[in-house]
Each structure stands twice: as structure tokens, then as C-alpha cells.
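A look at the structure
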Amino acid sequence: MAGGRRGPLLTALLAAWVAAAAAAEAAEGEARPEQAALPEERSLVLPMTASNWTLVMEGEWMLKFYAPWCPSCQQTDSEWEMFAKNGEILQISVGKVDVIQEPGLSGRFFVTTLPAFFHAKDGIFRRYRGPGVYEDLQNYILEKKWQSVEPLTGWKSPSSLTMSGMAGLFSISGKIWHLHNYFTVTLGVPAWCSYVFFVVATLIFGLLMGLVLVVISECFSMPLPRHLSEHSGQTLRSEEAHAAEQLQDAEEEKEDSNEEENKDSLVDEEEEKEELGDEDEAEEEEEDGPAAGADEERSAAQDPAPREAREDLGPDVGPDVGPDEALDAASEQPPSTDAEVAEDTLRQRRSQHADKGPSA
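Bear in mind the structure is a predicted one, so any value in this text is a computation, not a measurement.

Pairing of strand β1 (residues 46-47) with strand β3 (residues 93-98) involves two bridges; the strand directions are parallel. Bridging from a neighbouring strand, P47 pairs with K96 of β3. Of the pairings in the sheet, the one linking strand β2 (residues 60-66) to β3 comprises six bridges and is parallel in character. The partner of Y66 across the bridge, within β3, is D98.

Written out as C-alpha cells, the structure reads:
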């Protein structure tokens, strides 16, 4: 009896479960057409790559550099999409660059922080440093605030040759990074083995490039003929000899000029010494002058007559010579008119003294 009662119960439960499953499938079938009827919203933000980035050289553009793992970039996604929807009204195109997939473009624009925004107007680029909010972006375009921002000109311009080389370096670094991830993640190779591989590959690549440059230089450089090489060697030796002679002449001229300067300095010193000696003699004469004058006055007061006779005899007779000695000196001098006059005057004075003596 118990087994007979359980059989219908299990059958009823199984029937109920099948009915529920069928109802669920029917509900899903009805919902799928409704979902398929709703079209997916298409993004108006144009992804930029290394192949189509030159589109920004024409017209007005706003670019956003982002990374999928960047939280700040994710916060501005909705604002950027809204800004792109109004791009037709603002007459501006909106694009975005994934720096992970396009490292070359990040190097071309020299992106160092994320997110990074750039404004482009007919090939002239400017960095937008405001917030990635729709209202600020809209005012930046409508009010033309970009005109007050200094443009990226010269070597900083993304279209310059320098930035093209920077893009190539960033592209190579991105490929190396992808290869490193392939070694460590996909193949499970240890990280230090990957580093060793890249170091060895760099050394080998450098050696090969050096070898290629040497071969190219040997192919394009033509060896000189023997007589030309000998002539060039002789010319080089003659130039060296001429340079040595010029150097020697310059040294000799320098020595001669030094000797002349030394001679001039010695002559100047001697002249200074002579001038000092003359000044000392003049000072001594000035000091002896008053004393000599006083002596002459005393001798003139004591013996006025002989002094007059000595004056008549000339400058060769000293002040201390007596009357007889003065006469002898006068007689020794060569005969002249002045000497004769002096002798006559002296005889007259002697005769006057002789006449005065007897009368006294």
C-alpha cells in the first residue's frame, strides 16, 4: 500500500517540474525578441590608432589617452561619451587612445599621466589640463579657452621628427613588454630568465649593428692611392715642422720682449737712483749755504782789504790766503788786463800803508 501511494506522488512532482521548466523556457523565448528589438547604443568616440591618428591633423579634435586599468580614466568615461554625443553641435570630433594597445601614440604625444587630454586645431596641438567633466569640456570649446593655452610647437609637436622617433622607441618598448608577458604569463618562464634573455639579446643586437656599420663604411670609403697617401704624409710632416717653427719663434719673441722689459726696468731704477742722489746733494748744499755765507762775512769783517784783492785776483784764490800769497798767486797767473789792474791796485794800497806808517 505504501509503495502504491508513493508512485503517483512522484509522478505528480515530476510533471510539475517539467511544466515549470517549460514555462520558464517560454518566458525566455518571449523576452529574447524584445531584447533583440532594442538596438545597442553606438559610441561616437572614435578609437585612434597608429594608422589613423593623422585624421586629427585636419579640423578640430579632442583626444583622451586612457588605460583600461586606470580608475580615474573609468570615472570620466560617461562624461567623455556625453561630450562626444554633442560633438556635432559643437562642431568637433572626439577620439580616444588606449595607451596599452597604442604605446607609439602615447610616446608621440609624450603622455606621462593618465587620463591625458589634448586639443587639436588644424594640426596645432594643445594640452588640456582641466577636469574631464562635460560642462568644462563644453565651455573649453564654446568659449575658445584653448586660444590662451601655449601650443606644442617645434620639437614638442606630435608631428615633428623628434616625436616620431619617440613614438618608435615607445612602440619597441611596448613590444618588449608584450613579449615579456608572453614569456612569464603564457609560458610560465621566471622573470629573471626573461631579463637575462633581453640583456643578451641587446648585446648581440648592438654587436651586429656595429658590424653592419663597419661593413658599410668600408664599402663606401675608397682607399687613397699610394702616391697620394705619401704626399699627404709629407704635407702633414711639413705642416707639423712649420707649426714647430712658429712656436719656437713665438717663444724667442717672448724671451726678447722679457729681456727688453728687464732692461727698461733697470734703466728706470738707475734714473730713479740718480734723481734721488741729485736731490740729496741739493739738500746738502742748501744746508751748507748759510754756514759758508756766515764764514765769509766774518772773514770779510776781519780782513776787508785782502778780500778785495782776492776778488780782484779772481775765483781761483781761496778765502784763507794772505796778502803775500795772493800776490804770488796773481803773479803765477798768465798775464792779462784784469791781472795787471789788480796788481796796480795792490801796489797803490801798499804805498798808502807805507806812507801812513812813518807819519804814525
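Following the structure, the description resumes.
Our focus in this paragraph is the pattern of salt bridges. Within the structure shown, the criterion is met by three salt bridges. K121 is the salt-bridge partner of E60, the closest N and O atoms lying 3.9 Å from each other. Note that E60 is positioned in strand β2 and K121 in strand β4 (residues 116-121), a separation of 61 residues in sequence. Residue classification places K121 among the partly exposed positions, given a relative accessible area of 28%.

Our next topic: the nonpolar core. The biggest cluster of nonpolar side chains holds 19 residues, and the ones touching the most others in it are M48, V56, L63, F65, F109 and F118. For this core, the secondary-structure elements that each account for two or more residues are β2 and β4. For this core, the leading source of residues is β2, giving four residues. Discounting residues that sit within four places of it in the chain, F109 has contacts with W53, L63, F65, F118, F125 and P158. One finds M62, L90, V94 and Y140 within the second-largest nonpolar core, a separate group that totals 15 residues.

Turning to the confidence of the model for the protein, a few remarks are in order. When the pLDDT values of the protein are averaged, the result is 76; 65% of them are 70 or greater. Across residues 303-321, confidence stays below pLDDT 50; counting only partners more than four residues off in sequence or on other chains, it has 22 contacts.

It is the contact of helix α7 (residues 161-186) with helix α8 (residues 191-220), at a shortest axis distance of 9 Å, that shows an interaxial angle of 140 degrees. On the basis of their axis angle, the class for α7 and α8 is oblique. As for how α7 packs across α8, the hand of that crossing is right-handed. Across the interface between the two elements, I176, L179, H180, F183 and T184 from α7 touch A191, S194, Y195, F197 and F198 from α8.

Ordered in space as β1-β3-β2-β4-β5, the five strands form an open sheet in which the pairing is mixed. In this open sheet, the two edge strands, each paired with only one partner strand, are β1 and β5 (124-128). With six bridges joining them, β2 and β4 adopt antiparallel strand pairing. Within β4, the residue paired with F65 across the bridge is A116.

All right, on to the packing of aromatic side chains then. Evaluation of the coordinates by the stated rule reveals 13 aromatic pairs. Judged by centre distance (6.3 Å) and plane angle (85 degrees), the rings of W53 and F109 are edge-to-face. Of the two residues, W53 is situated in the loop between β1 and β2 and F109 in the loop between α5 (103-108) and β4; the sequence distance between them amounts to 56 residues. Ring centres 5.5 Å apart and planes at 80 degrees place the aromatic pair F65 and F118 in the edge-to-face group.

Buried residues dominate β4, accounting for five of its six residues. As defined by bridge partners, β4 adjoins β5 across five bridges and the pair is classed as antiparallel. When the bridges of β5 are listed, F118 appears paired with R127. Connecting β4 to the antiparallel partner β5 that follows it, the hairpin turn spans two residues, and D122 within it adopts a positive phi of roughly 55 degrees.

Now for unusual backbone geometry. With an omega of -10 degrees, the peptide bond between L114 and P115 qualifies as cis. Note that P115 resides in the loop between α5 and β4. The phi torsion at F110 lies on the positive side, around 50 degrees, for a residue other than glycine. In this fold, F110 is placed in the loop between α5 and β4. Located in the positive-phi region is D122, a residue other than glycine, with phi close to 55 degrees. Position of D122 among the secondary structure elements: in the loop between β4 and β5. Exposure remark for D122: the relative accessible area of 51% places this residue in the exposed category.

Glancing now at the packing of helix α3 (residues 77-85) against helix α6 (residues 134-142). Between α3 and α6, the shortest axis-to-axis distance is 9 Å and the interhelical angle comes to 40 degrees. In this view, α3 runs oblique relative to α6, as classed from their interaxial angle. In the packing of α3 onto α6, the handedness of the crossing is right-handed. Residue-level contacts link E79, W80, M82 and F83 of α3 to Y134, L137, Q138 and I141 of α6. Looking at the contact of α3 with α6 residue by residue, the class counts come to six nonpolar, one polar and one charged.

What counts, and where the lines are drawn
- Residues numbered from 1 in each chain as written.
- Predicted model: local features only at pLDDT ≥ 70, side-chain atom pairs only at ≥ 80, totals over all residues.
- Heavy atoms only, no water.
- Pairing = 2+ DSSP bridges.
- Helix = DSSP H or I, 4+ residues; strand = E, 2+ residues; numbered from the N terminus.
- Salt bridge = Lys/Arg side-chain N within 4 Å of Asp/Glu carboxyl O.
- Buried < 20%, exposed > 50% of the residue type's maximum accessible area, 1.4 Å probe, protein only.
- Core = buried A, V, L, I, M, F, W, Y, C linked by side-chain atoms within 4.5 Å.
- Contact = heavy atoms within 4.5 Å.
- pLDDT = per-residue confidence, 0-100.
- Axes fitted to C-alpha atoms, helices over the stretch in contact; angles between N-to-C directions.
- Parallel < 35°, antiparallel > 145°, perpendicular 65-115°, else oblique.
- Left-handed = near helix turned anticlockwise from the far one by under 90°.
- Phe/Tyr/Trp six-rings, centres within 6.5 Å; stacked < 30°, edge-to-face > 60°.
- Nonpolar A, V, L, I, M, F, W, Y, C, P; charged D, E, K, R; others polar.

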